[in-house]
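Report on the structure
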Amino acid sequence: SQQGEEDPQALSIQEGENATMNCSYKTSINNLQWYRQNSGRGLVHLILIRSNEREKHSGRLRVTLDTSKKSSSLLITASRAADTASYFCVPHGQNFVFGPGTRLSVLP
Amino acid sequence: GAVVSQHPSRVICKSGTSVKIECRSLDFQATTMFWYRQFPKQSLMLMATSNEGSKATYEQGVEKDKFLINHASLTLSTLTVTSAHPEDSSFYICSAPGGRGEMGEQYFGPGTRLTVT
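Model, not experiment: these values are computed from the prediction. (Residues numbered from 1 in each chain as written. Chains lettered and ligands numbered in written order. Predicted model: local features only at pLDDT ≥ 70, side-chain atom pairs only at ≥ 80, totals over all residues. Heavy atoms only, no water.)

**Observations concerning unusual backbone geometry**
With omega at 0°, the peptide bond leading from Asp7 of chain A into Pro8 of chain A counts as cis. Relative to the helices and strands, Pro8 of chain A is located in the loop between strand 1 (5-7) and strand 2 (10-14). In this chain, His7 of chain B is followed by Pro8 of chain B through a cis amide linkage whose omega measures 0°. Although it is not a glycine, Lys70 of chain A sits at a positive phi angle of roughly 55°. Within the fold, Lys70 of chain A resides in the loop between strand 7 (61-66) and strand 8 (71-76). Look at Lys70 of chain A and you get partly exposed, because its relative accessible area is 27%. Even without glycine at this site, Ser83 of chain B takes up a positive phi of about 45°. With respect to the helices, strands and loops of the structure, Ser83 of chain B is situated in the loop between strand 8 (76-81) and strand 9 (90-97). (Helix = DSSP H or I, 4+ residues; strand = E, 2+ residues; numbered from the N terminus. Buried < 20%, exposed > 50% of the residue type's maximum accessible area, 1.4 Å probe, protein only.)

**Quick look at the state of the cysteines**
Counted under the stated rule, the structure contains two disulfides over all chains. Here Cys23 of chain A engages in a disulfide with Cys89 of chain A; their sulfurs sit 1.9 Å apart. What sets the handedness of the Cys23 of chain A and Cys89 of chain A disulfide is the S-S torsion sign, and at about 70° it is right-handed. Taken as a pair, Cys23 of chain A in strand 3 (residues 19-24) and Cys89 of chain A in strand 9 (residues 85-91) lie far apart in primary sequence, 66 residues in all. Among the residues examined, Cys23 of chain A registers a relative accessible area of 2% and is labelled buried. Using a relative accessible area of 0% as the deciding quantity, one classes Cys89 of chain A as buried. Across the disulfide, Cys23 of chain B is cross-linked to Cys94 of chain B (sulfur-sulfur distance 2.0 Å). Negative torsions about the S-S bond denote left-handed disulfides, and the value of about 85° found for Cys23 of chain B with Cys94 of chain B makes this one right-handed. (Disulfide = S-S within 2.5 Å.)

**A word on the pairing of strand 4 (residues 32-38) of chain B**
All names here are of chain B. Across the seven residues that make up strand 4, a large majority, six, are buried. Relative to strand 5 (residues 44-51), strand 4 runs antiparallel, the two sharing seven bridges. Paired with Trp35 across the bridge in strand 5 is Ala48. From the end of strand 4 to the start of strand 5, which pair antiparallel, there are five residues, and Lys41 there has a positive phi angle of about 60°. Where strand 4 and strand 9 come together, five bridges link them in antiparallel fashion. Bridged to Gln38 within strand 9 is Phe91. (Pairing = 2+ DSSP bridges.)

**Observations regarding the interface of chain B and chain A**
Residue-level contacts link 19 residues of chain B with 21 residues of chain A. Between chain B and chain A lies a buried interface of about 1,500 Å² when both sides are counted; carbon and sulfur atoms form 53% of it. For the pair chain B and chain A, the number of links is zero salt bridges. For the pair chain B and chain A, the number of links is four residue pairs in polar contact (both at pLDDT 80 or more). Contributing elements (two or more residues each) for the side of chain B that touches chain A: strand 4, strand 5, strand 9 and strand 10 (106-108) of chain B. A per-class count over the side of chain B that touches chain A returns nine nonpolar, six polar and four charged. (Contact = heavy atoms within 4.5 Å. Buried area = accessible area lost by both parts, 1.4 Å probe. Salt bridge = Lys/Arg side-chain N within 4 Å of Asp/Glu carboxyl O. Polar contact = N/O pair within 3.5 Å; in protein donor to acceptor, adjacent residues only side chain to side chain. Nonpolar A, V, L, I, M, F, W, Y, C, P; charged D, E, K, R; others polar.)

In structure tokens, the structure reads:
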């Protein structure tokens, strides 16, 4: 199993701005998933992108995947205060292993 | 979407006692469930993989005799923290895969906050 490494570890933006988080991993994958965790809560699945996909959209979320660079990015457009949370990327593997995450703060 | 529940959501116990945490898949079957531990301001740490009908697989450094896992049915896995100590105080989260074949998305429980006094 492998974990993703999110970057930056912390990000603070104003409401309405876009937030971009990056993820790097080390070995080949079948898919990569992004999750969100609000403080003290469980995790919520945001989006899954398969290795043969380059970009995927879901509402205000846009995920890209570059398997040649072993990297992914998550873009949240028109951010809201409710988007304040920690975001994790999980490269597909036998087990789900989490990296440090990106702590996003959206200021009103 | 699929739902995973955990019970209790919060528990406070005295040092030396044992605590059982339940993880249930409410509307789907899960032959595998995962248990994580999360300390404040840190990421989730995978503790073990719970397998229905067989022994759990523990991650390196996790004491299997201290953290007993039982996957009694296709919808229930339990984690028992035995002889709990203050350093076991943490946020425990379970998850179950809900996809098919290629390990689709995971469904996470809301977590159990354990405080050992």
